[in-house]
Amino acid sequence: MTNSSSKSQIGKLEFDNDKGAGRSKWIAGAFTLALVGWMGSGFILPTEPAEEEKAEETPVKAITVAVIQSQAQDIALVLAAEGQSEPDRATEITSNASGQVVEVTAKRGDLVTAGQELGRIDATISTAQLTQAQQQVRQAKRDLANAEELVKRGIGTEDRVTAARASAAAAEAALTAAQDQFDKAIIRAPFAGRLNNLSLDVGEYVSGGDPVAEVVDNDPLSVVVQVPQQALSQLSKGQQAQIEFITGEKRVGVIDFVGSNADAQTRTFRVEIAVENPDSVMPAGLSAKVIVPTGKDRGHFISPAILSLDSEGLLGIKTVDADNLVQFEPIEIVRAQTDGIWITGLDENSQIITVGQGFVNAGDLVDPQDEAALAAAAAKTAEVDQ
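Residues numbered from 1 in each chain as written. Predicted model: local features only at pLDDT ≥ 70, side-chain atom pairs only at ≥ 80, totals over all residues. Heavy atoms only, no water.

### Notes on the overall build of the protein
In step 1: Along its length, the protein carries five helices and 22 strands.
In step 2: Burial status across the protein gives 30% buried among its 386 residues.
In step 3: Of the contacts formed within the protein by residues at least 6 apart in sequence, a portion of 72% connects residues at least 24 apart. (Helix = DSSP H or I, 4+ residues; strand = E, 2+ residues; numbered from the N terminus. Buried < 20%, exposed > 50% of the residue type's maximum accessible area, 1.4 Å probe, protein only. Contact = heavy atoms within 4.5 Å.)

### Some remarks on helix α4 (residues 158–184)
In step 1: For α4, with 27 residues, the first-to-last C-alpha span of 39 Å sits near the 39 Å given by 1.5 Å per residue.
In step 2: Along α4, the residues classified as buried are V161, A164, A168, A171, L175, A178 and F182.
In step 3: Residues of α4 that are buried make contact with β6 (117–121), α3 (124–153) and β7 (186–188). (Expected span 1.5 Å × (residues − 1).)

### A closer look at α3
In step 1: Helix length check: α3 (30 residues) gives 44 Å between terminal C-alpha atoms against 44 Å at 1.5 Å per residue, within 8%.
In step 2: Of the residues making up α3, those classed as buried are S126, L130, A133, V137, A140, L144, A147 and L150.
In step 3: Packed against the buried residues of α3 are α4.
In step 4: Note on α3: the residue one or two positions beyond its end, G154, has a positive phi of about 85°.

### Focus on the sheet that holds strand β4 (residues 99–104)
In step 1: The antiparallel open sheet is built from four strands, whose spatial order is β7-β6-β4-β9. Lying at the two open borders of the sheet, with one neighbouring strand each, are β7 and β9 (205–206). (Pairing = 2+ DSSP bridges.)

### Considering the side chain of N218
In step 1: One can find N218 in the loop between β10 (211–217) and β11 (221–228).
In step 2: You can call N218 buried: its relative accessible area is 6%.
In step 3: If near-sequence neighbours (up to four positions away) are discounted, N218 is found in contact with P87, N277, S280, M282, P283 and A284.

### Focus: a negative patch on the surface
In step 1: On the surface, a cluster of negative charge is made up of D88, D219, D256, E276 and D279.
In step 2: Relative to the helices and strands, D256 resides in strand β13 (residues 250–258).
In step 3: Judged by relative accessible area, which is 42%, D256 ranks as partly exposed. (Patch = residues over 30% accessible without salt bridge, like charges linked within 9 Å, V, L, I, M, F, W, Y side chains within 5 Å. Areas by Shrake-Rupley, 256 points an atom, 1.4 Å probe, with all protein chains shown as cover. Salt bridge = Lys/Arg side-chain N within 4 Å of Asp/Glu carboxyl O. Lys, Arg positive; Asp, Glu negative; His and termini not counted. Charge placed at Lys NZ, Arg CZ, Asp CG, Glu CD.)

Structure (C-alpha cells):
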C-alpha cells in the first residue's frame, strides 16, 4: 500500500500544463526580438551624428610664391659658336738653289708684296751662264738674219736658213734655262702678306729645298667654326656674322664657306667667315666667338635659375593662371646670354613664379605676390631688425 500510494503521490511532472509556463516563452521570444531589432537599428533607422562628432574639414591653405609679370618681346635669333682665326693663306718658302747667302733685303715681321725680293744666294756661276746665253742668242739671231738675206739675194739656200733658225731656237732655250737658274738664286715672296719667319743670314750656306722663310696672308682673316648638323640649314654663303676676338676687338665678317662634308668624329661642319684685316693687324690663331643672326621670334627673358623639370623630364617653368593655380609650361631655350636666357612656349603675357617654384606642383593653389614687393618688404624688415 505504501509503495503504490507513494507512486501516485509523486506522479509525473508536466510543465506544459502548469499555469504560467507559456508566459515565460513569450517573454524570452520578445526579448530576443528586441535585441535583434536594436542591433539592426543602425542600418534600418540611421541616426544623425552629434555635432561634436562631425569631422571638421580643414580648408586648403594657399602657398605664397613670388611672381613676375612677363611680356613677350621680339628675339633676334642667333647661332653662336666658338672658333679661332686662321690666315687666308700661308706658305713656307724654300731655297731653289744651293750656295752662300750674299744679301738679305727684308726682316721678320715686315709686310711684303707679291714678288718682293727677300734675299739672294751667290749666283756667280749662274750670272756667267746667263751672260753667255745672252751672247749666244744675239749671235744666233744675226746668223739667221744673214741666212735669210742671202736667200733673198738668190745666193743662199733654204737649208742654211733652216739650220740658222734651229741654232737660234737652241740659243733661246739655253737663255731661258740660264735665266731660270739665275732667278732661283733670288728668294722672293710668293704673295703679299706678313713675313712671319725668316732664317736667312748673310754668309750662311743653304741647300736647295731648305726652308728659309714663311709668308702669312691675314687679309682677309678667316675665322673657322664647327657647326652642328641641326644648325647647318640656317647658314648660307654671304651671311653677315659678328666676331668677338679674345682680345676684346669686335669685327663684322661674311660667311665665305660652308662645308658640305661632316667631320667623321664630331659630325659637325666647317664654316669659314672672312674678316677684313687691313695691314694684317689681327694675327691668326686667336680664339673668337661668332654670332650669326638667323631670324626673329617672340619670347620671354628669364633667369635660368627658375627652370624646372616635370615628372617626365621635360624642361619648363611654372606659371600662375587666372585662378591662382600652378601650371607647368614646357619651354624651349632659343638664345643664351651671360645675364639670362630667352625662351619660347609661353603665352604673350605670363605670370611666372620666380621664388617658391620648388615647393609647388601643377594644380596647386598659390598666393602670388609681386617679386619686387616681397623684396622691398624683406629689405624693410631687415632694416627694422637692425
